Amino acid sequence: MKTVRVLIVDDHRLFRSGVRAELGPSIQVVGEAEDVESAVATIAELEPDVVLLDVHMPGGGGVEVLRRVLGSGAQVRFLALSVSDAAEDVIGVIRGGARGYVTKTISGAELTDAITRVADGDAVFSPRLAGFVLDAFASTEAPPIDPELDSLTQREREVLRLIARGYAYKEIAKELFISVKTVETHVSSVLRKLQLSNRHELSRWATARRLV
């Protein structure tokens, strides 16, 4: 069986270690990176077959890594691996050049298979995400501009989406690999930016924009 050389790009060291432990013997993890700058430099140095790419991280996120690496002519394939299953995130990285997008609920065996398929040239998506991609590329209309949504950072959007799904602060912290205090800070920031009063109003706001 062919060994696939993989670089893991994610800003959480604990998550990177967990991915390493879950991947099958056909996958060789040749390195790790935690932000855009280190990802671009490490990809150029190690020339992996596949890059497992987080969508949201310091320095501009996965889209910026794709722009800089693929813009240089590098022959590497990208598979996005993210906690986010939002349509705008999926579409953004696929338009940026990623060959697939799977969420962090994926099992080790499924991720190993996804990496192998991407290395072989296939496109791979978590089941419910494929529809986003088909819809996006079937439509020539630009997405509507939402100044309120655009005022939120990517991390704030992730927290908002989980709040709207009924997650408790502790559950959000576990899902995003951040502290409860950081979750509280993000929620306070979102409430201030959107001029809302509580999490119930946040949930209604997110539902109205189909972010849930």
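Residues numbered from 1 in each chain as written. Predicted model: local features only at pLDDT ≥ 70, side-chain atom pairs only at ≥ 80, totals over all residues. Heavy atoms only, no water.

The protein has the name Response regulator transcription factor in an unreviewed UniProt entry, where Herbidospora galbida is given as its organism.

### Brief notes about the pairing of strand β1 (residues 4-9)
Within β1, 5 of the 6 residues are buried, which leaves it mostly tucked inside the rest of the structure. For the crossover that starts at β1, traverses helix α1 (residues 13-22) and ends in the parallel strand β2 (residues 27-33), the hand is right-handed. Across 4 bridges, the pairing between β1 and strand β3 (residues 50-53) is parallel. Its bridge partner lying in β3, Leu7 is registered against Val51. (Buried < 20%, exposed > 50% of the residue type's maximum accessible area, 1.4 Å probe, protein only. Helix = DSSP H or I, 4+ residues; strand = E, 2+ residues; numbered from the N terminus. Right-handed = clockwise from strand over helix to strand, strands pointing away. Pairing = 2+ DSSP bridges.)

### Quick word on the sheet that holds strand β5 (residues 100-103)
Strand pairing within a sheet occurs via backbone hydrogen bonds; the two strands may be parallel or antiparallel. The 6 strands lie next to each other as β2-β1-β3-β4-β5-β6, forming an open sheet whose pairing is parallel. Strands with a single pairing partner mark the edges of an open sheet, and in this sheet they are β2 and β6 (124-125). Here 6 bridges tie β1 to β2, and the two strands are oriented parallel to one another. Following the sheet pairing, Leu7 is matched in β2 by Gly31. Along the sheet, α1 contacts β1, β2, β3 and β4 (77-82); its crossing angle with β2, the most-contacted strand, is approximately 170 degrees. (Contact = heavy atoms within 4.5 Å. Axes fitted to C-alpha atoms, helices over the stretch in contact; angles between N-to-C directions.)

### Quick look at the UniProt feature "modified residue: 4-aspartylphosphate" (unreviewed entry) in the protein
Under the feature "modified residue: 4-aspartylphosphate" (unreviewed entry), the UniProt entry names Asp54. If sequence neighbours within four positions are ignored, Asp54 has contacts with Val9, Asp10, Asp11, Gly62, Leu81, Ser82 and Lys104. (UniProt positions renumbered as here; feature names shortened; annotations may be inferred.)

### What about the domain arrangement of the protein?
Assigned domains within the protein: domain 1 (1-121) and domain 2 (124-212). Each of domain 1 and domain 2 was reduced to a C-alpha centroid, and the two centroids are 22 Å apart. Across the contact surface, domain 1 and domain 2 share 0 salt bridges. The interface formed by domain 1 and domain 2 includes 8 residue pairs in polar contact (both at pLDDT 80 or more). Going through the elements one at a time, α4 (87-96), β5 and α5 (108-119) are the ones with two or more residues in the side of domain 1 that touches domain 2. For the side of domain 1 that touches domain 2, the leading source of residues is α4, giving 7 residues. (Domains from an automatic or database assignment. Salt bridge = Lys/Arg side-chain N within 4 Å of Asp/Glu carboxyl O. Polar contact = N/O pair within 3.5 Å; in protein donor to acceptor, adjacent residues only side chain to side chain.)

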